[in-house]
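Notes for the structure review
Listed here are the chains, written in short residue letters.
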Amino acid sequence: MAKALNFIIEKCTGCHQCELACSAVHTGAFNVELSRIRIFIMEDENKNVPYACLQCEEAWCMHACPVEAIIESTETGAKVLLDDVCVGCKVCTIACPYGTVVYHPDSGKVVKCDLCEGHEEGPYCVSSWPSR
Ligand code: SF4
């Protein structure tokens with residue numbers, strides 16, 4: 001069965017633990033800029049809105065990629081980026097209607113949520129989330 005993160009926006013306190021856990025698991029650094037999940041701060045409404053890839057069925061990022069650097073996990077249905085195949089053309093960032101595929105200038109490649117594919121007990125943003 002295909003899986004995806006489900007965000008309960010009302011429960012988000014804006015603590016950024018999920019971003020830190022995500023960056024630590026994927027990069028070894030505690031840096032929210034390297035996270036695949038992001039918190040959008042709506043100051044006018046005093047709300048924090050977590051968002052990440054919805055692993056949508058259409059997967060426009062996957063179909064738009066000219067080098068097939070995004071594949072579908074047979075285990076979870078997550079759209080997984082193959083880092084060593086990505087050439088950093090950014091086409092997927094344009095194709096994604098939700099803005100959840102992010103280009104990183106340091107690596108010259110994109111990052112996106114893959115539900116912690118290959119990491120046991122993930123997704124770590126969920127288990128790190130104090131408000132669940
Ligand atoms: S940036 Fe990478 S994953 Fe995205 S479309 Fe280009 S090659 Fe594919």
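What comes next concerns the included structure.

1. As for the overall build of the protein chain
A tally of helices and strands in the protein chain yields four helices and six strands. Start at the N end of the protein chain and walk to the C end: the helices and strands fall as α-β-β-α-β-β-α-β-β-α. Its C-alpha atoms give the protein chain a radius of gyration of 14 Å, near enough to 14 Å, the size a compact globule of 132 residues would have.

2. Quick notes on the site of the ligand
What surrounds the ligand is a group of 14 residues, the closest being Cys65, Cys86, Cys89, Val91 and Cys92. In the shell around the ligand, the residues fall into 12 nonpolar, one polar and one charged.

3. Section: the pairing of strand S1 (residues 38-42)
Strand direction decides the pairing type here: S1 and strand S2 (residues 47-51), joined by five bridges, are antiparallel. Across the sheet, the residue bridging to Ile39 is Pro50, located in S2. Linking two consecutive strands that pair antiparallel, namely S1 and S2, is a turn of four residues; a positive phi of about 55° is found at Asn46 within it.

4. Thoughts on helix H1 (residues 17-27)
Think of an α-helix as 3.6 residues a turn; residues three or four steps apart then line up on the same face. When we look at burial in H1, the residues that qualify are Cys18, Glu19, Ala21, Cys22 and Ser23. Close packing links the buried residues of H1 with S1, S2 and helix H4 (124-127).

5. So, the nonpolar core
Within the largest apolar cluster, 25 residues are counted, with the highest numbers of intra-cluster contacts made by Cys61, Ile70 and Cys92. Of all the elements in the fold, those that place two or more residues in this core are H1, helix H2 (60-64), strand S4 (79-81), strand S6 (109-111) and H4. Broken down by element, the residue count for this core peaks at three residues, all from H1.

6. Describing the environment of Glu117
Mapped onto the fold, Glu117 is located in the loop between S6 and H4. On the neighbour-count criterion, Glu117 (16 C-beta atoms within 10 Å) is partly exposed. Considered as a pair, Glu117 and Lys79 are 38 residues apart in the sequence and their alpha carbons are 9.4 Å apart.

How each quantity is defined
- Residues numbered from 1 in each chain as written.
- Predicted model: local features only at pLDDT ≥ 70, side-chain atom pairs only at ≥ 80, totals over all residues.
- Helix = DSSP H or I, 4+ residues; strand = E, 2+ residues; numbered from the N terminus.
- Rg over C-alpha atoms; globule rule 2.2 N^0.38 Å.
- Near = placed C-beta within 6 Å.
- Nonpolar A, V, L, I, M, F, W, Y, C, P; charged D, E, K, R; others polar.
- Pairing = 2+ DSSP bridges.
- Buried ≥ 20, exposed ≤ 12 C-beta atoms within 10 Å, placed from the backbone.
- Contact = placed C-beta atoms within 7 Å.
- Core = buried A, V, L, I, M, F, W, Y, C linked by C-beta atoms within 7 Å.

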